[in-house]
Amino acid sequence: MEMSALDKLQDSISNFESFCSSEDARTELIDKYCLEISEILAIVKPVLDEIHSEISPDEKLNEHMGMLQAAVSAARELIDGWNSLMSKIYFAFQIESLVEKIHTYSLEMCQAIFLLLPPAATSNVLLSIEKLEKVEYNHITNSIKEASKKLESKEIPHPEVLEATSTSLKLSTNLEFFMEAVALDKLKSRSDFDQIAPVISLIEQMHETLIKSTQPHSIRGVPIPADFCCPLSLNLMSDPVIVSSGQTYERVFIRKWLDLGYTVCPKTRNTLAHTNLIPNYTVKQLIANWCESNDIKLPDPNKLLTQNFPQTLIPPSSNSIPKPNSPMNENSNNSKMLPARGMESNLSGLSISTRDENGSIGHGMTNNAANLASRNDNGLLEPGSGVNSVSRVSTDSDASSEASQEKATQSAPPPAQTEQGSSMAAGSTTTPRSHIIWPRQSDRLIPRIVPSPSAESRPDLAEVETKVRKLIEDLKSDSVDIQRAAAMELRLLAKHNMENRIVIANCGAIAPLVGLLHSADLGTQEHAVTALLNLSINDNNKIAIASAEAIEPLIHVLQTGNPEAKENSAATLFSLSVIEENKVRIGRSGAIAPLVELLGNGTQRGKKDAATALFNLSIFHENKARIVQAGAVRHLVDLMDPAAGMVDKAVAVLANLATIPEGRNAIGQNDGIPLLVEVVELGSARGKENAAAALLHLCTNSNRFCSQVLQEGAVPPLVALSQSGTPRAKEKAQALLSYFRNQRQRRG
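Residue numbers run consecutively from 1 along every chain, following the written order of its sequence. Restriction of local features to residues with pLDDT of at least 70 applies here, the model being predicted, together with a cutoff of 80 or more for giving and counting side-chain atom pairs; totals for whole chains, interfaces and linings are based on all residues. By convention in this description, side-chain values take in all heavy atoms of the structure and omit both hydrogens and water.

(A) Main features of the overall build of the chain. Labels follow the DSSP assignment, with helices taken as runs of H or I lasting at least four residues and strands as runs of E lasting at least two, numbered in each case from the N terminus. Across its full length, the chain carries 33 helices and 10 strands. When the 748 residues of the chain are sorted by exposure, 58% land in the buried category. Each residue is placed in one exposure class: buried if its accessible area under a 1.4 Å probe, protein chains only, is under 20% of its type's maximum, exposed if it is over 50%, and partly exposed if it falls in between.

Written out as structure tokens, the structure is:
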């Protein structure tokens, strides 16, 4: 006999209660909703017991009971199918919708029963209705929606609100936020979750709030270098290892991540090509030296891991992220290759612009590639400070064979673009070390990188290491021919992929390569500097190259090398200058004068490399005067000729130099104002923005320059820019027009 609607409902309620009372490991979040639903059903149960003896359900009542039964069963299935690798936010939206339905259907059913019962038998039902009407729940999704709306209107929710929302969702650790990030990333294509974009923005803000309150920035007053901390643990690394994405993590933390079944890099969220963990000896030694110098003891990573996993992790069900078919095999060459896109990535988040064989620009994005281009105090787009910025380095043609295959389908807008559309530099504001990369709908977008086709056919790492050690011995040979051949071979090896770069550095090749920068043989010198350029694509190697006192030898190559060596020396200096302290060292070491010489008299490629390096160096205030004194402005003004193909690069540097009196005077003296006005009228979007910024500095600091700008007919293009430019360009144009109006009013 078919079960009645009443029997089905009572059976569903009984099953739900049995499920909730089981001793299976569950999270606090699950228990919260089990309790809420159970409280509603406890109010309903006595009413259902009376139906058997008092009334025969009509069609309408059966419909109400059917809807309630379906909602209760759906809630049980949802809770039973959820595991800790799934999104807590998405689960909250789903389950709270069901809680609302269960509450609504329960109330409607009780009201229908009340109408069918004889008056003398309605007291219990009436009491249940009153209880249901008083039921109120503080749903997490309400605060999520409210906070998301604030973010959409460019208003940052109060940190206490973000912390409260995190607590409600049981997102209490850095690792849990990374897990939520990966889970949300998988939901972007779902049509039934239209809140995904604002939720992504919100989770980022919540994560930043957590990091600010938990991340140690110093120990006993000693600042902790950012690259010494694991993005997962937020603490100093005892045993740093590198995964196939190029990111460095504390071994026990990334092992735990992989053991949970994840096949993606926590920070980049790109699928890992394999699960090998490669020891990062360079960073490990740097950390050890730093700890010894500052009498600091490394934390116990196992204790940190326990603190970062306070909740019992639910074993994943069949619909969650699958575990790899083979166990993680550290330092093994036989670990299973996963069907994924690889990602050439660096420790601290650089975006690499690499030249292909023809000298054109190709873009490869790394750790924080999704970060917005930041602006300095003057509103100019610029590379961010420190190694957690997004920057671009123009590498030699060797590196391009791999990098030219790295196609970013979407990227943050650069500050300046050449007429061919290649960007000069893009940066991000300094962000917390574990800042999550979020793919926003507009300006923060994650690139998808295509792996090198030779990734699976290349020799295993042990074979590469053996070969590299032999080449390093050859670098120390007394024979110039042997040195040249070894440097060339290392140059070629360093172009292929991230793992080769790591192996080469770990084997100790950097110091002898730096030594060969002073070689009297120009071929050897060229191969050595190009090898260092290719190695510098990896952020760990940036640190190691700078630590090997390479800056002065690179300047020597810039002054004495052949044209290609000079180009690649300039590109290497730019790569190293991504690290903030190196901007200072490079500027004070005498690099600016030969860079300006290359800017004025180098090959087309050399000029572009010099302009890119000077732009990055000009972010550090002290270097601006050096660049002006070296005569850069004259060359930059010349390069604003569209025929030179470097208008936007030149304008970007001039906009930085216009922030100091010497720079403004040099721009005026070298007839730069008419060309800047021309860029405002006819240039690219980024060129117009930087040109407007430069003109604003010129006008607000000199009546003479202001008059000249007006005489050049700047008002019409500025009016057009104020209405149709980039947001920052509009702001600059409006500020300049407002300044003109104020000046007229004062005179009138």
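(B) Examining the side chain of His-103 more closely. Counting through the fold element by element, His-103 comes out in helix α4 (residues 88-116). Whenever two N or O atoms come within 3.5 Å, that pair is a polar contact, provided that in protein one can donate a hydrogen and the other can accept it, and provided that, for residues adjacent in sequence, both atoms are side-chain atoms. Within the structure, His-103 has its side chain in polar contact with the backbone oxygen of Leu-132 (distance 2.6 Å). Throughout, a contact is declared for two residues whenever any of their heavy atoms are within 4.5 Å. Here His-103 is in contact with Ile-40, Leu-132 and Val-135, once residues within four sequence places are set aside.

(C) Region of the structure containing the nonpolar core. For our purposes a nonpolar core is just a set of buried Ala, Val, Leu, Ile, Met, Phe, Trp, Tyr and Cys residues, chained together by side-chain atoms within 4.5 Å. Ranked by internal contacts, the top residues of the largest apolar core, which has 104 residues, are Val-468, Leu-513, Leu-676 and Phe-740. Sorting elements by how many residues they give to this core places helix α27 (residues 647-657) first, with eight residues. Within the second largest apolar cluster, 66 residues are counted, among which are Leu-6, Val-47, Val-72 and Ile-79.

(D) Quick look at the state of the cysteines. Only a pair of cysteine sulfur atoms within 2.5 Å counts as a disulfide in this structure description. Under the defined criterion, the tally for this structure stands at zero disulfides. The thiol of Cys-229 is unpaired, and the distance to the nearest cysteine sulfur, on Cys-230, comes to 8.7 Å. Taking relative accessible area as the criterion, Cys-229 reaches 5% and is therefore assigned buried. The exposure class of Cys-230 is buried, given its relative accessible area of 1%.

(E) The packing of aromatic side chains, seen in detail. Side-chain rings of Phe, Tyr and Trp, where Trp is taken by its six-membered ring, are said to pair if the distance between their centres is within 6.5 Å; with planes under 30 degrees apart they count as stacked, over 60 as edge-to-face, and otherwise as tilted. Applying the stated criterion to the full structure yields four aromatic pairs. Between Tyr-33 and Phe-91, the aromatic rings sit 5.9 Å apart at their centres with planes inclined by 75 degrees, giving edge-to-face as the arrangement. With Tyr-33 in helix α2 (residues 28-54) and Phe-91 in helix α4, this pair connects stretches of sequence that are 58 residues apart. Its relative accessible area of 0% is what places Tyr-33 among the buried residues. Phe-91 gets classed as buried once you look at its relative accessible area, which sits at 1%.

(F) The arrangement of helix α32 (residues 715-724) in detail. Along α32, the positions that sit buried rather than exposed are Pro-717, Leu-718, Leu-721 and Ser-722. An end-on view of α32 places all buried positions within 140 degrees of arc, on one side of the element. In α32, the exposed positions angled more than 90 degrees off the buried face are occupied by Pro-716, Gln-723 and Ser-724. The inward-facing, buried residues of α32 contact α29 (673-682), α30 (685-701) and α33 (727-747). Throughout, the arc means the angular range of directions from the helix axis out to the C-beta atoms.

(G) Examining the environment of Thr-560 more closely. Note that Thr-560 resides in helix α20 (residues 551-560). The residues touching Thr-560, leaving out its near neighbours within four places in the chain, are Leu-522, Gln-525 and Lys-566. In this structure the side chain of Thr-560 is engaged in a polar contact, spanning 2.8 Å, whose partner is the backbone oxygen of His-556.

(H) Fine view of the packing of α29 against helix α31 (residues 703-711). In this description, a line fitted to the C-alpha atoms serves as the axis of each element, helices being fitted only across the stretch in contact, and the angle between N-to-C directions of two axes falls anywhere from 0 to 180 degrees. It is the contact of α29 with α31, at a shortest axis distance of 10 Å, that shows an interaxial angle of 50 degrees. It follows that α29 is oblique to α31 by the angle criterion. For the crossing formed where α29 meets α31, the hand is right-handed. For the pair α29 and α31, the contacting residues are Ile-673, Pro-674 and Val-677 in the first and Phe-705, Gln-708 and Val-709 in the second. Polar here means any residue other than Ala, Val, Leu, Ile, Met, Phe, Trp, Tyr, Cys and Pro, which are nonpolar, and Asp, Glu, Lys and Arg, which are charged; Gly is therefore polar. Within the contact of α29 with α31, the residues separate by chemical class into five nonpolar, one polar and no charged. In what follows, roughly perpendicular refers to angles from 65 to 115 degrees, roughly parallel to angles under 35, roughly antiparallel to angles over 145, and oblique to any angle outside these ranges. Should the near helix be turned counterclockwise from the far one by less than a right angle, the crossing is left-handed, whereas a clockwise turn marks it as right-handed.

(I) Up close: the sheet that holds strand β5 (residues 278-279). Across the sheet, which stays open at both edges, the three strands sit in the order β4-β3-β5 with antiparallel pairing between neighbours. Either end of the sheet is taken by a strand with one partner, and the two such strands are β4 (248-250) and β5. In this analysis, strands are considered paired if DSSP registers two or more bridges between them. Relative to β4, strand β3 (residues 240-242) runs antiparallel, the two sharing three bridges. Bridge pairing in β4 places Ile-242 opposite Thr-248.

(J) Representation of a nonpolar patch on the surface within the structure. A surface patch of nonpolar side chains, about 180 Å² in accessible area, is lined by Leu-710, Val-715 and Val-719. Mapping Val-715 onto the fold places it in helix α32. Residue class for Val-715 comes out partly exposed when judged on its relative accessible area of 31%. Any residue with relative accessible area above 30% and no salt bridge may belong to a patch, with like charges joined within 9 Å and the nonpolar Val, Leu, Ile, Met, Phe, Trp and Tyr side chains within 5 Å. To measure how exposed things are, a 1.4 Å probe is used in the Shrake-Rupley method; for residues, cover is taken only from the protein chains shown. Throughout this description, the term salt bridge denotes a Lys or Arg side-chain nitrogen within 4 Å of a carboxyl oxygen of Asp or Glu.

(K) Representation of a negative patch on the surface within the structure. A surface patch of like charges, here negative, comprises Asp-638, Asp-641, Glu-678 and Glu-681. Residue placement: Glu-678 occurs in helix α29. Residue classification places Glu-678 among the partly exposed positions, given a relative accessible area of 35%. Charged residues are defined narrowly, with Lys and Arg counted positive, Asp and Glu counted negative, and His plus the chain ends left uncounted. The atoms used to mark charge sites are NZ of Lys, CZ of Arg, CG of Asp and CD of Glu.

(L) Focus on the pattern of salt bridges. All told, the structure shown has 19 salt bridges when counted by the stated rule. Glu-176 is the salt-bridge partner of Lys-88, the closest N and O atoms lying 3.8 Å from each other. Here Glu-176 lies in helix α8 (residues 174-185) and Lys-88 lies in helix α4, a separation of 88 residues in the sequence. We note that Lys-88, like Glu-176, is buried. The partner of Arg-728 in a salt bridge is Glu-731, with the nearest N and O atoms 3.0 Å apart. Separated by three residues within a single helix, Arg-728 and Glu-731 lie in helix α33, roughly one turn from each other. Here the salt bridges do not stand alone but share partners, grouping Asp-481, Arg-484 and Asp-521 into one network.

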